[in-house]
Amino acid sequence: MTPRTRKVLLSIAALTGLGSLLAVFVLNRRVDRALDVPVSNERPIELVALPERTALPFWGSEDIESVVELPGGMYVAGAFGVARLQQSADGAGLQRIDLSQTLPTRRVASLSSWRTDLVAGLDAGGLFVYRDGSWTEVRSGYGTLHVRTVAEMPAGELWIGAREGLFRMGLAERVMARLHTSPVKAIAFTDDGRVYSGGEKGLFSTQGGATKAVVVEGTEAAWVDGLAFFGRRIYAITPMGLMAEAPDGVFRAVSNGQNVGSIAAQGDILFATADPPDTFVRRFDSAGKLQLDQVPSAVRKVFASRDRVLADTQNGLAQRVDETWRILSKARAERAFGQTHVGAIAAFRRRLVIGFFDGGLSELVEGARGPAPALPRDTATMSLRPLTAAPSPVWAVNALLDAGGALHIASLRGAFRFDGVNFSATLGSGAAFSLAQTRSGVAIGFGEGVLLPEGKLLSAFHGLPGNQATALASAEEGLLVGTPSGIGYLEGRTVRWRATSGEGKLPHPWVNAILPQNGSILVGTYGGGIVRRVGSMASKGEWRPFPETEGLKINAGCLIEAQGRVYAGSDGLGLFRMTRDGSRFEPLRLALPSPRVTALFEKDGFLYIGTDEGLTRWSVDGDLQ
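Thresholds applied
- Residues numbered from 1 in each chain as written.
- Predicted model: local features only at pLDDT ≥ 70, side-chain atom pairs only at ≥ 80, totals over all residues.
- Heavy atoms only, no water.
- Helix = DSSP H or I, 4+ residues; strand = E, 2+ residues; numbered from the N terminus.
- Buried < 20%, exposed > 50% of the residue type's maximum accessible area, 1.4 Å probe, protein only.
- Lys, Arg positive; Asp, Glu negative; His and termini not counted.
- Salt bridge = Lys/Arg side-chain N within 4 Å of Asp/Glu carboxyl O.
- Polar contact = N/O pair within 3.5 Å; in protein donor to acceptor, adjacent residues only side chain to side chain.
- Core = buried A, V, L, I, M, F, W, Y, C linked by side-chain atoms within 4.5 Å.
- Contact = heavy atoms within 4.5 Å.
- Pairing = 2+ DSSP bridges.
- Axes fitted to C-alpha atoms, helices over the stretch in contact; angles between N-to-C directions.
- Phe/Tyr/Trp six-rings, centres within 6.5 Å; stacked < 30°, edge-to-face > 60°.
- Lys NZ or Arg CZ within 6 Å of the ring centre and 35° of its normal.

Chemist: Give me the side chain of Arg 617: which residues, what numbers.
Modeler: When you line up the elements, Arg 617 lands in strand E55 (residues 614-619). There is no salt bridge for the buried Arg 617, and the closest opposite charge comes from Asp 604, which lies 7.0 Å off by N-O distance. For Arg 617, the side chain forms a polar contact with the side chain of Tyr 608, separated by 2.6 Å.

Chemist: Requested: an account of the nonpolar core, with residues and values cited.
Modeler: Of all hydrophobic cores here, the largest spans 28 residues; its most connected members are Tyr 567, Leu 575, Leu 607, Ile 609 and Trp 618. Counting only elements with at least two residues in this core, the list comes to strand E45 (511-517), strand E49 (554-562), strand E50 (565-570), strand E51 (575-578), strand E53 (597-603) and strand E54 (606-611). At five residues, the largest contribution of residues to this core is made by E49. Residue contacts for Leu 575: discarding those within four places in its chain leaves Tyr 567, Ala 568, Gly 569, Glu 586, Pro 587, Leu 588, Leu 590, Leu 592, Val 597, Leu 600, Leu 607 and Ile 609.

Chemist: Lay out the sheet that holds E45 with the relevant residues and their values.
Modeler: Reading across the sheet, the four strands line up as E45-E46-E47-E48 and stay open at both edges, with antiparallel pairing between neighbours. Here the strands that pair on one side only, and so sit at the sheet edges, are E45 and strand E48 (542-545). Averaged over all adjacent pairs, the angle separating strand axes in this sheet is 20°, with direction ignored. Summarising the sheet, E45 and strand E46 (residues 520-525) pair through six bridges and their orientation is antiparallel. The residue of E46 that forms the bridge with Gln 517 is Ser 520.

Chemist: Give a description of the packing of aromatic side chains that names residues and reports values.
Modeler: Taken as a whole and assessed by the stated rule, the structure comprises 13 aromatic pairs. Above the ring of Phe 80, the side-chain terminus of Arg 96 is found at 4.1 Å from the ring centroid. When the ring centre of Trp 497 is taken as reference, the NZ or CZ atom of Arg 533 above it lies at 4.3 Å.

This is how it looks when you write it as structure tokens:
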């Protein structure tokens, strides 16, 4: 090879290597640029028609959380679901027509128009559109959203505030965009296109797709419960009171803005209600001057709907007309702010008695007055009537038991007996959590142990897994005691056996429910699901878990047998039923008031289902097919 040829070949090799390096460099730059591009904040959506569900009655809170007017009428929403208001047959006012039958749960946190459609957000999870008389679910790549508020901008965009953040959907788009990930409880729009959103972690302003935190004076990140745009400023409800946007962009306290529960802007007035509710509505003008409206009954929440100002009062939904508040739709007999969390259910002298964890006792009766008859199958005129009135010794009910001619009550204020007229305190002190009928009387589970009928208190000192008796059940010759630390079995005053954490018998040590069966017991735990113990109480026993219930939180008293079928109520995932062969549990598709099932009771072929948002019932006679 001549020197000239060698030089040419070396030059070609060098150029080839340089080209390869350039190619690698360009490729790497392209990869770098691709990695520099932010991940898209948009996800596709689809509208899915909801399946038919069994229509169930509802007894519970009538508190209104949202009001929307569409060309087809006025709609209201709350723990009762969604209802359309229409003139009653007797012309006495507006009555509610329930539209919630196919929704997965009833509690609706917020309503909004979306042009001519109605949009509902469920706090328990989900976004739904009501169109042409039926509901469809909006599903997105973000998963199920726990929606707290929905609002439509004038341009037709729908904004969604959820625990998972702030979201937006265009009118003709099939995508959903997330603007930030902080939880949102309230949304408000300004004239110049800014979107304010607030929740537990602060207040934010979004414009042009960019979001920034907003300063609230005196806090690092103020908790925001409500927002309104009024007088070219944003107003926010915080634990420090009502705050308003100042010219420098900082939110500062409003004079006379203490203890505000809700706000709504209409024209040149900002309306505000008190927390706790009272019979006055505050009116602020654009200069901050305060005036008061007297309302006939306590006002919980105020709304602005088109050209109306409306309020949720103890007497019903009211409208402000000519500076006077007038009732549009009367409240039902059981109406009371609060008292929706069912803690226990029992039958007592032909009464179905409901114990509330956020209240006292009520009974389910025909009509609102008169003696309590046997429960009819037609629920149209049935309502809840209080058995206790404030102040009452009974509050925060955990368990009820009809035994020995009296109704026994376990509550956070102690244990009581009700003879049909009067209440009397029983032995023991402190909060009571559970009750059980034994051969010698009623055993009561307290925070410090189990009080036996003969007056002896047994606790962890005597061998029980723990002191707080969260579940009691009679079995064979003794008493089963569930605690947050495990389960034990008493015969007389002796602990015969127990199962605690770390032994591999219980899927979770916190025992909330016990159901004895022939030759076995079912144990419901709070966080580990359900397990079965096979064998007599005198034997060692064999523990068999139900794997499909792993992780389920079974609430206190929510494991019962009705018409030969076993039902279990969970905290957050609804109602479960054991298969006929007893091998597994399966979920039931029922439109419950809430997925948090907190009490179960069977009577006259019906399974009464208590939740943290109210009461319903389902025919178990039909479940025998």
